[in-house]
Amino acid sequence: WADEEGSLASLSAERLGLQGELWVFFAETKVMQNSGKEGVPKRARPGSPAYEHHTPEKCVSPWQDADPNRLPARHWGTEQLCYYLCRNDVDDPEVQRCFQENELTGSVLPFLNDSYLEKMGIRCQGSRTKVLLCLRKLEQTYTDMMKVFNDPIHGHIEMHPLLVRIIDTPQFQRLRYIKQLGGTYYVFPGASHNRFEHSLGVGHLAGRLVRALQERQPELDISQRDILCVQIAGLCHDLGHGPFSHMFDGRFIPLANPKSKWKHEQASVKMFEYLIASNELGPVMEYYGLCLPEDIDFIKEQIGGPTNANGCSGPYRGRPKEKSFLYEIVANHRNGIDVDKWDYFARDCHHLGIQNNFDYERFIKFARVCEVDMEKHICTRDKVSSVIK
């Protein structure tokens, strides 16, 4: 239903009132298809606000004195890592000895957890907890300067540099032109918000929930890799939406191709794959501590559900059964309570001018991971049930 030049055919978009946004969708798709050549910048529409867009960065680094040589922590040697621990009151001789005997360097920081430290020989639980808290503080600050977004719903939110690299791609910038509530804008003039800002909010809330679980329950062994993957999934969960959001797959696709089973979740997975490949972000993801292709599978499974899990202990292959609760953060297929809904409840109500009765802050405060029927799930106190209802 689009010819080789990107123009519409067979079905009149004007009849459906979709002309403007459909043209943006097809024109951008055509541009991205034709811009796969090496050296050709892949950007959103020329002349648009997103063209050659780069997110402004903070002017002040949050951690100026982590390393006397100003090296990124990923490039630290064993001595520099031990020096950093000493400067931050982690001067236990057993800890220093274990780090030196195992020749730990900055490259392993994203993989350190409680069980890893115990296997190294750090027997004291208090010492392990102190080391992890110290290194997690470093992990959140050593990479690059974080970027700050001023969001009308969540206030000032910080984004990891890898998230910003994803945000600054044409595939993500395309979300600026897709209305969150589709045709509702023609009834509620305030509902002009788009999928771009919603995706930022979901990525932020995903990070808040998983960090709260990490701090509250260190025995879960939630690593920085886990946190970053969950945030990326939240950020990219709506990449596949077409013009006017759910109206595209709910109304337009059935009219254009009644036999199609196209869903935006599967399209989001495909668009995420294309985003990584066309912008050559694989090495960047590895630089920030992700393990490919395992973490790519984990992110895609959070967005689109289980993939082929042959040879795995559970339905997923990105993470083991012990961390199955991580799949309930962005898109919760068990009970539907996830950060995607938390954001659009608050954001849609704000722009529609109606009251939001759901308090996600209270949910985060009482959230715990519990074992139910031999599986770990994110649960909350019974007295919070009134908020959920």
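Analysis parameters
The residue numbering used here restarts from 1 in each chain and proceeds along that chain's sequence as written. The predicted nature of this model means local features are confined to residues of pLDDT at least 70 and side-chain atom pairs, given and counted, to a pLDDT of 80 or more, with totals for whole chains, interfaces and linings taken over all residues. In computing side-chain values, all of the structure's heavy atoms are included and hydrogens and water are not. By the criteria applied, helices consist of DSSP H or I runs no shorter than four residues and strands consist of E runs no shorter than two, each listed in order from the N terminus. Summary of the burial criterion: residues with accessible area below 20% of their type's maximum are buried, those above 50% are exposed, and those between are partly exposed, where the area comes from a 1.4 Å probe applied to protein chains only. Contacts are assigned to residue pairs that have any heavy atoms within 4.5 Å of one another. Note that accessible areas follow from Shrake-Rupley with a 1.4 Å probe, and for residues the cover is restricted to the protein chains shown. In this text, buried Ala, Val, Leu, Ile, Met, Phe, Trp, Tyr and Cys residues form a nonpolar core when linked through side-chain atoms within 4.5 Å. One bridge is not enough; two strands pair if DSSP finds at least two bridges between them. The pLDDT value tells you how sure the predictor is about a given residue, anywhere from 0 up to 100. Exposure above 30% relative accessible area and the absence of a salt bridge qualify a residue for a patch, where like charges join within 9 Å and nonpolar side chains (Val, Leu, Ile, Met, Phe, Trp, Tyr) within 5 Å. A pairing counts as a salt bridge when a side-chain nitrogen of Lys or Arg comes within 4 Å of a carboxyl oxygen of Asp or Glu. Multiplying 1.5 Å by the helix residue count minus one yields the expected span of that helix. Counting of polar contacts relies on pairs of N or O atoms within 3.5 Å, with two restrictions inside protein: one atom must be capable of donating a hydrogen and the other of accepting it, and residues adjacent in sequence are counted only when both atoms are side-chain atoms.

Draft legend 1. Inspection of the overall build of the protein at higher detail. In terms of helices and strands, the protein carries 16 helices and 4 strands. Looking at the protein residue by residue over its 389 residues, the buried ones come to 52%. Look at the contacts in the protein between residues 6 or more apart in sequence, and 65% of them connect residues 24 or more apart. About 18,900 Å² of surface is accessible on the protein, with carbon and sulfur atoms providing 51% of the total.

Draft legend 2. Geometry of the nonpolar core. Core analysis: the largest hydrophobic core is formed by 60 residues, its most contacted members being Ile-232 and Ile-329. Examining the composition of this core, we find that 9 residues originate from one element, helix α8 (residues 195-216), more than from any other. When sequence neighbours within four positions are dropped, the list of residues in contact with Ile-232 reads Leu-162, Leu-163, Ile-166, Phe-272, Met-285, Leu-290 and Ile-299. Counting residues in hydrophobic clusters, the runner-up holds 21 residues, among them Cys-82, Tyr-84, Val-108 and Leu-112.

Draft legend 3. Region of the structure containing the pairing of strand β2 (residues 155-159). Pairing of strand β1 (residues 147-151) with β2, which is carried by 5 bridges, proceeds in the antiparallel orientation. What sits directly across from Val-148, in β2, is Glu-158. From the end of β1 to the start of β2, which pair antiparallel, there are 3 residues.

Draft legend 4. Summary view of unusual backbone geometry. Residues Leu-292 and Pro-293 are joined by a peptide bond in cis, for which omega reads 5°. When you line up the elements, Pro-293 lands in the loop between α12 (282-287) and α13 (294-304). Located in the positive-phi region is Ser-245, a residue other than glycine, with phi close to 55°. Structurally, Ser-245 is set in the loop between α9 (224-236) and α10 (246-256). A residue is classified by how much of its surface remains accessible, and Ser-245, at 1% relative accessible area, is buried. Residue Glu-280 is not a glycine yet carries a positive backbone phi of 50°.

Draft legend 5. The arrangement of the confidence of the model for the protein in detail. On average, residues of the protein score 80 in pLDDT, and 75% of them are at 70 or above. Predicted confidence in the protein is weakest over helix α1 (residues 19-34), with a mean pLDDT of 45, and strongest over helix α7 (residues 170-173), with 96. Of the regions scoring below 50 in pLDDT, residues 1-43 engages in 65 contacts with residues more than four places distant in sequence or in other chains. Note on residues 58-69: pLDDT is under 50 here. Beyond four places in sequence and across chains, it has 24 contacts.

Draft legend 6. Molecular detail of a nonpolar patch on the surface. Taken together, the side chains of Tyr-185, Tyr-186, Val-187 and Phe-188 present a nonpolar region at the surface, about 450 Å² in accessible area. By relative accessible area, which is 62% here, Tyr-186 ends up exposed.

Draft legend 7. Looking closely at helix α3 (residues 93-101). The complete set of buried residues in α3 reads Glu-94, Val-95, Gln-96, Cys-98 and Phe-99. Where α3 ends, the next residue or the one after it, Glu-103, has phi of about 50°, a positive value.

Draft legend 8. A look at helix α14 (residues 339-352). Taking 1.5 Å per residue, 14 residues should reach 20 Å; α14 reaches 20 Å between its end C-alpha atoms and fits that length. For α14, the tally of buried residues reaches 10 of 14 residues, placing the bulk of the element in the interior. All of the buried residues along α14 are Val-339, Asp-340, Trp-342, Asp-343, Ala-346, Arg-347, Asp-348, Cys-349, His-351 and Leu-352. Residues of α14 that are buried sit in contact with β1, α8 and α15 (360-366). One or two steps after α14, the chain reaches Gly-353, where phi turns positive at roughly 80°.

Draft legend 9. Focus on the side chain of Glu-328. One can find Glu-328 in the loop between α13 and α14. Accessibility expressed as a relative area gives 8% for Glu-328, which makes it buried. In this structure the side chain of Glu-328 is engaged in a polar contact, spanning 3.3 Å, whose partner is the side chain of Arg-334. Those residues in contact with Glu-328 that sit more than four places away from it in its chain are Arg-334, Ile-337, Asp-338, Lys-376, His-377 and Ile-378.

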